[in-house]
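Topology and contacts: notes
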Amino acid sequence: MSRYAAGPAYRGRFAPSPTGLLHAGSLVAALASWLDARAHGGQWLVRIEDHDQGRCVPGADQAILAQLQTLGLMPDEPPVWQSQRQALYARALQRLMESGWVYGCDCTRKSIADALAAQAPGKPRHGELVYPGTCRHRHLGPTQARAWRLLSTADLAGTQDLTLSWQDRRLGPQQQSLSEAVGDFVLRRADGLWAYQLCVVVDDADQGITDVVRGEDLADNTPRQIRLQQLLGLPALRYLHTPLVLGANGEKLSKQNGARPLDLDQPLATLQRAGAALGLNALPGTTIADWLAAAVRAWTAAGAALL
Ligand code: GLU
């Protein structure tokens, strides 16, 4: 039975980047999205996010699909590959350009850093640079622009702050000023690559996704994605960001900080460990199928409240 009273049938997805094999952290996100789809009587899809081919490891896509299969997490439709969907991203960018929300930019990382330093001398900067808006009103054409950016303001003149609010099923009410925290963000990079934000929004809509269940490290991308949905006239999605598995150094488990590949010689124990990170402990079942069935029952009863 669906927990949601109305609206389209539930369709969820797991969207791994094939930069390596799944590890304990990515399995938690995969399992949570699978469980949530099953608990809502919905469908679960897998999308290989290989839009940035330079970061992909050859063969990792097939290896990930094989890992999922061994763990009993089978997609309901054939997987799709972002590298084969360029035309969709191009069409979306074109629409945003025509509506005036996207502009060309010829800044380099250095010119951005210099402009920010001139704006606020002596202010140390951490993390991503918030673009200072240098090219906003320059009307660069396709031959001059290196990258294409989306205006992060509420108005086309670029003067009004845009703060987005959304509800996360685990984290509760969330809010972010897109203009201040993110700034005008890139949709197509100087090297011609599509930005993750654009690909994910276009694909989620094209695949009829209703629910995004993914790791909490991606939560602060959500306002950018909601903004793109709004401007492209796409349906709003529900979001659930799952707890991260931390490595020995207290940081998010990743290949960089020593995440080992999943132990597929003991797939049930591997699933049980991922389940424990989602609050699913001591479930009955001595086979993968039985354990997954018990996990779906537990998730159906409690859902995100387990987290
Ligand atoms: N491809 C992204 C990742 O592996 C996940 C994207 C998403 O779930 O929205 O981190």
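Residues numbered from 1 in each chain as written. Predicted model: local features only at pLDDT ≥ 70, side-chain atom pairs only at ≥ 80, totals over all residues. Heavy atoms only, no water.

Right, let's talk about the overall build of the chain for a bit. Summing up its helical and strand segments, the chain has nine helices and 10 strands in all. Relative to its length of 307 residues, the chain is compact, with a C-alpha radius of gyration of 21 Å against a globular reference of 19 Å. Overall size of the chain, expressed as C-alpha extent along the three principal axes, is 65 × 45 × 35 Å. Relative to its full complement of 307 residues, the chain shows a buried share of 49%. In the chain, the proportion of contacts linking residues at least 24 apart, taken out of those at least 6 apart, comes to 73%. A total of about 14,500 Å² of accessible surface is found on the chain, and carbon and sulfur atoms cover 53% of it. In the chain, the 30 positive side-chain charges and the 28 negative ones have mean positions that sit 2 Å from each other. (Helix = DSSP H or I, 4+ residues; strand = E, 2+ residues; numbered from the N terminus. Rg over C-alpha atoms; globule rule 2.2 N^0.38 Å. Buried < 20%, exposed > 50% of the residue type's maximum accessible area, 1.4 Å probe, protein only. Contact = heavy atoms within 4.5 Å. Areas by Shrake-Rupley, 256 points an atom, 1.4 Å probe, with all protein chains shown as cover. Lys, Arg positive; Asp, Glu negative; His and termini not counted. Charge placed at Lys NZ, Arg CZ, Asp CG, Glu CD.)

We now examine the packing of aromatic side chains. As enumerated under the stated definition, the model contains one aromatic pair in all. Lying over the aromatic face of Tyr 131, Arg 149 brings its terminal NZ or CZ to 3.7 Å of the ring centre. Above the ring of Trp 101, the side-chain terminus of Arg 227 is found at 4.9 Å from the ring centroid. (Phe/Tyr/Trp six-rings, centres within 6.5 Å; stacked < 30°, edge-to-face > 60°. Lys NZ or Arg CZ within 6 Å of the ring centre and 35° of its normal.)

Most of strand β9 (residues 211-215) is tucked away: five of the five residues are buried. As paired elements, strand β1 (residues 11-14) and β9 share two bridges and run parallel to each other. If you follow Arg 13 over to β9, its bridge partner there is Val 212. In this structure, β9 lies alongside strand β10 (residues 238-242), joined through five bridges in parallel fashion. Paired with Asp 211 across the strands is Arg 238, a residue of β10. Read as a crossover between parallel neighbours, the route from β9 over helix α7 (residues 222-232) to β10 is right-handed. (Pairing = 2+ DSSP bridges. Right-handed = clockwise from strand over helix to strand, strands pointing away.)

Moving on, we get to the pattern of salt bridges. The full count for this structure, using the stated rule, is 17 salt bridges. Among the ionic pairs, Glu 216 bridges to Arg 170, the shortest N-O distance being 3.0 Å. Residue Glu 216 is found in the loop between β9 and α7, and its partner Arg 170 is found in the loop between β6 (163-168) and β7 (172-177); the two are separated by 46 residues along the sequence. Through salt bridges with shared partners, a single ionic network connects Arg 13, Arg 47, Glu 49, Arg 85, Asp 203, Asp 204 and Asp 206. (Salt bridge = Lys/Arg side-chain N within 4 Å of Asp/Glu carboxyl O.)

Positive phi outside glycine occurs at His 139, with the angle close to 55 degrees. In this structure, His 139 sits in the loop between α4 (109-119) and β5 (147-150). Residue His 139 is classed as exposed on the basis of its relative accessible area of 70%. Phi is positive for Ala 282, close to 50 degrees, though the residue is something other than glycine. Secondary-structure assignment places Ala 282 in the loop between α8 (267-277) and α9 (288-302).

Read these as geometric descriptors, not functional statements.
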